[in-house]
Amino acid sequence: MDKDLHINELKSLLRHEVAMLCQHDSRKWKSEISKTVKEIRANNWSGVFFGGMLRSLLVSRLATNSFGRPRDVDIVLSGIKLQDIKVQFERYISRETRFGGVQLCRKNSQFDLWPLESTFAFQGKTQAQFPDLPKTTFLNLEAVAIDVWPQMGKPRTIYSGDEQFFKGILSRTIELNNEINPFPELSVARALVIASDLQWKVGVRLVKYIVKHGVTISEIDFEDVQRRHYGGIKLRGEVLPRVLEYIVKNLDYSIDRPFELPLPKQLRLWSEDSHSPRLSFTVIKAKSNHHG
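Along each chain, residue indices are assigned from 1 in the same order as the chain's sequence is written. Reporting of local features is limited, given that this is a predicted model, to residues whose pLDDT is at least 70; pairs of side-chain atoms are given and counted only at 80 or more, and all residues count toward the totals for whole chains, interfaces and linings. As a rule here, side-chain values come from all non-hydrogen atoms in the structure, and water together with hydrogens is ignored.

On to the sheet that holds strand E3 (residues 93-96), then. At least two DSSP bridges between two strands are required for those strands to pair. Helix and strand assignments follow DSSP, with helices taken as H or I runs no shorter than four residues and strands as E runs no shorter than two, numbered in order from the N terminus. An order of E3-E4-E5-E2-E1-E6-E7 is seen for the 7 strands of this open sheet, with the pairing classed as mixed. Each of the sheet's edge strands pairs with one partner strand only, and the pair in question is E3 and strand E7 (158-159). Taken together, the 2 bridges between strand E6 (residues 145-147) and E7 define a ladder with antiparallel strand orientation. Note on E7: the bridge partner recorded for Ile146 is Ile158. The contact criterion used throughout is that any non-hydrogen atoms of two residues lie within 4.5 Å. Fitted lines through C-alpha atoms give the axes, limited to the stretch in contact for helices. The angle between two N-to-C directions lies from 0 to 180 degrees. Set on the sheet, helix H3 (residues 52-64) makes contact with strand E1 (46-50), strand E2 (73-78) and E6; between it and E1 the angle comes to about 60 degrees.

What follows is the structure, given as structure tokens:
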């Protein structure tokens, strides 16, 4: 019962943070997010914010009671084609992504937008829906989506499947969700960067994935995949073999409990993203009647 109560509180807090993200205020970097949301709403498109950006918002609020700036904003849209997105946001498109969408650069904000049906796990399937999205993410801490704009008089719907996103936040554990993805090198790098950033424990299934695919990645490739994804190196190449060696020497696979990796605290690339990853878990009450 206590765990359910905490999860419900986290959901209320997440709705509050997303509402703040969509509102225009004195933070210049938020203005383009507000404009993008308004354009989606004006077209009557159904969309959700998705993945790691929601983790950033929630962790920042829990850690320091401050508003967090996501590195980028991921939005999944349903019932439209990629061409519709291109026409609407033509002047902001910087490139097409390898995930079947487009990347937008609006002043100092970056967005990834794609049709729901283009999500890698849904390709070749029909009738994909937002509740299915949490099943597709590589990590538990990305397995969540929330409405871009709410229905009149109702709170934003949160799609979180079996609640593993919120359970991971509460237990401070990063775990494998869905290992089927076309970019194992990037997945290993992202898992280690996030674990380094948060300084949280890593689940056994994720550790096994890191070992399985990490042994095939050179130090050069480990840095290169970070440059392409993050725009810079967050963990040096020599970190990977050290982590793999530590796992082989210390992990008992027969014991199913989270494992602490010897990762250095990496420096953030976004100066405004300054929250501490060590959470006190003092849940901050959001206004229960706020549906914005």
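Let us keep going from here.
Another point: the pattern of salt bridges. When a carboxyl oxygen of Asp or Glu is within 4 Å of a side-chain nitrogen of Lys or Arg, the pair counts as a salt bridge. Applying the stated criterion across every chain yields a total of 16 salt bridges. With a shortest N-O distance of 3.2 Å, Asp72 and Arg71 are connected by a salt bridge. The two residues Asp72 and Arg71 agree in class, both being buried. Note that Lys135 and Asp132 form a salt bridge whose closest N and O atoms lie 3.5 Å from each other. Lys135 gets classed as exposed once you look at its relative accessible area, which sits at 55%. Exposure categories follow from relative accessible area, calculated using a 1.4 Å probe and restricted to protein chains: below 20% of the type maximum is buried, above 50% is exposed, and the middle band is partly exposed.

What follows deals with unusual backbone geometry. Within the chain, Asn44 stands out as a residue other than glycine whose phi angle is a positive 60 degrees. Taking relative accessible area as the criterion, Asn44 reaches 60% and is therefore assigned exposed. Residues other than glycine seldom take positive phi values, yet Glu163 does so here, at roughly 70 degrees.

Planes of paired rings set the category: under 30 degrees apart is stacked, over 60 is edge-to-face and the rest tilted, where pairs are Phe, Tyr or Trp rings (Trp by its six-membered ring) whose centres lie within 6.5 Å. Enumeration according to the criterion identifies 7 aromatic pairs in this entry. A ring pair is formed by Trp29 and Phe67, whose centres lie 5.9 Å apart and whose planes are at 25 degrees; its orientation type is stacked. Residue Trp29 is located in the loop between helix H1 (2-22) and helix H2 (31-42), and its partner Phe67 is located in the loop between H3 and E2; the two are separated by 38 residues in the primary sequence. Residue classification places Trp29 among the buried positions, given a relative accessible area of 5%. We classify Phe67 as buried; its relative accessible area is 11%. With a centroid separation of 4.9 Å and 80 degrees between ring planes, the pair formed by Phe165 and Phe166 is classed as edge-to-face. The pair formed by Phe165 and Phe166 is uniform in burial state, with each residue classed as buried. By definition here, charges over rings are those cases where NZ of Lys or CZ of Arg is within 6 Å of the ring centre and within 35 degrees of the ring normal. Residue placement shows Arg98 over the ring face of Phe183; its charged tip is 4.3 Å from the ring centre.

Here we come to helix H7 (residues 204-214). Here H7 lies mainly inside the structure; 8 of its 11 residues are buried. Within H7, burial applies to Val204, Leu206, Val207, Tyr209, Ile210, Val211, His213 and Gly214. Check the buried side of H7 and you find it contacts strand E8 (173-174), helix H6 (184-198), strand E9 (201-202) and helix H9 (239-250).

Our focus in this paragraph is the nonpolar core. Nonpolar cores are built from buried Ala, Val, Leu, Ile, Met, Phe, Trp, Tyr and Cys residues. Side-chain atoms within 4.5 Å join them into one set. By size, the foremost hydrophobic cluster in this structure holds 73 residues, and its most contacted members are Phe49 and Leu192. At 9 residues, H6 tops the list of elements feeding residues into this core. Counting 11 residues, the second largest nonpolar core, distinct from the first, contains Phe50, Ala128, Phe130 and Tyr159.

This part is about the pairing of E1. Buried residues dominate E1, accounting for 4 of its 5 residues. Sheet topology note: the E1/E2 ladder contains 4 bridges and is antiparallel. Paired with Phe49 across the two strands is Ile75, which belongs to E2. Direction of pairing for E1 relative to E6: antiparallel, over a ladder of 3 bridges. Note on E6: the bridge partner recorded for Phe50 is Ala145.

Bear in mind that shape data such as this cannot, by itself, settle questions of function.
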